[in-house]
Amino acid sequence: MGKILAVGLWVCIVTLGAVYGAISLATAPAGPSADEEKKAALELVKGEPITIPVISEGGVSGYFLTRVSFMMDKAKITGVELPMTELMTDELFTLLIGNKMVDLANTKGFDVAVFREKIKTDMNAHLGEGFVSQVLIEQLDYVSKEVARKAADGDSRGPLDATVIVEGEKVEEPAAGSGH
């Protein structure tokens with residue numbers, strides 16, 4: 001008789017433990033973190049390659065080769081056709097040629113964070129506050145006129161001998177049908 005009571009008590013304890021475990025595991029998972037929500041509210045707007053001539057002493061001395069993409073607020077860009085290439089070309093001309101943010105003699109002293117923030121601030125000034133959340137620099141190189149001329153003439157074997165100013169970030173292709 002004592003064995004039957006012990007087995008019954010054991011079954012009750014195991015059942016209560018199983019029910020408690022099932023209920024605690026079945027509770028709703030925690031919601032997405034603030035970072036995950038912020039990323040979900042952004043859309044990648046991939047930039048196009050842009051070539052900017054560097055003019056010095058009355059002639060072209062070389063070219064900046066750039067590609068800049070943006071993480072933009074999905075809600076604000078929905079249904080809006082943005083002239084991103086034209087705006088970005090204007091912004092890069094202003095920063096690289098007008099403000100001369102890049103010193104070709106000292107490319108190691110180039111401050112990428114300041115460059116990104118300046119692009120973000122100026123683009124938001126043109127488009128409206130909050131459009132651009134993050135600036136992604138995929139490429140920022142300098143090619144001298146001589147190297148570019150050799151490449152155009154077919155004398156270049158292999159990749160161009162470019163001065164890499166910013167090690168680019170790999171940006172994933174946007175989802176099909178974004179239209180931006």
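Before reading on, note that the structure itself is shown above.
From a predicted model like this one, the values you see are computed outputs, not experimental measurements. (Residues numbered from 1 in each chain as written. Predicted model: local features only at pLDDT ≥ 70, side-chain atom pairs only at ≥ 80, totals over all residues. Heavy atoms only, no water.)

Chemist: Would you take a moment to explain the pattern of salt bridges for this structure?
Modeler: Two side chains carrying opposite charge are able to pair once their charged atoms lie near each other. Following the criterion strictly, the structure yields two salt bridges and no others. Note that Glu138 is salt-bridged to Lys46, the shortest N-O span being 3.0 Å. Of the two residues, Glu138 is situated in strand β4 (residues 132–144) and Lys46 in the loop between β1 (42–45) and β2 (50–56); the sequence distance between them amounts to 92 residues. Accessibility expressed as a relative area gives 15% for Glu138, which makes it buried. A salt bridge links Asp122 to Lys118; the shortest N-O distance between them is 3.4 Å. In this pair, Asp122 and Lys118 both sit in helix α5 (residues 112–127), four residues apart, roughly one turn of the helix. The exposure class assigned to Asp122 is buried, which follows from its relative accessible area of 17%. (Salt bridge = Lys/Arg side-chain N within 4 Å of Asp/Glu carboxyl O. Helix = DSSP H or I, 4+ residues; strand = E, 2+ residues; numbered from the N terminus. Buried < 20%, exposed > 50% of the residue type's maximum accessible area, 1.4 Å probe, protein only.)

Chemist: Got a minute to help me understand a nonpolar patch on the surface in this structure?
Modeler: Among the surface-exposed residues, Val7, Trp10, Val11 and Val14 lie close enough to one another that they form a single nonpolar patch of about 400 Å² accessible area. Summarising the element assignment, Trp10 is placed in helix α1 (residues 2–25). (Patch = residues over 30% accessible without salt bridge, like charges linked within 9 Å, V, L, I, M, F, W, Y side chains within 5 Å. Areas by Shrake-Rupley, 256 points an atom, 1.4 Å probe, with all protein chains shown as cover.)

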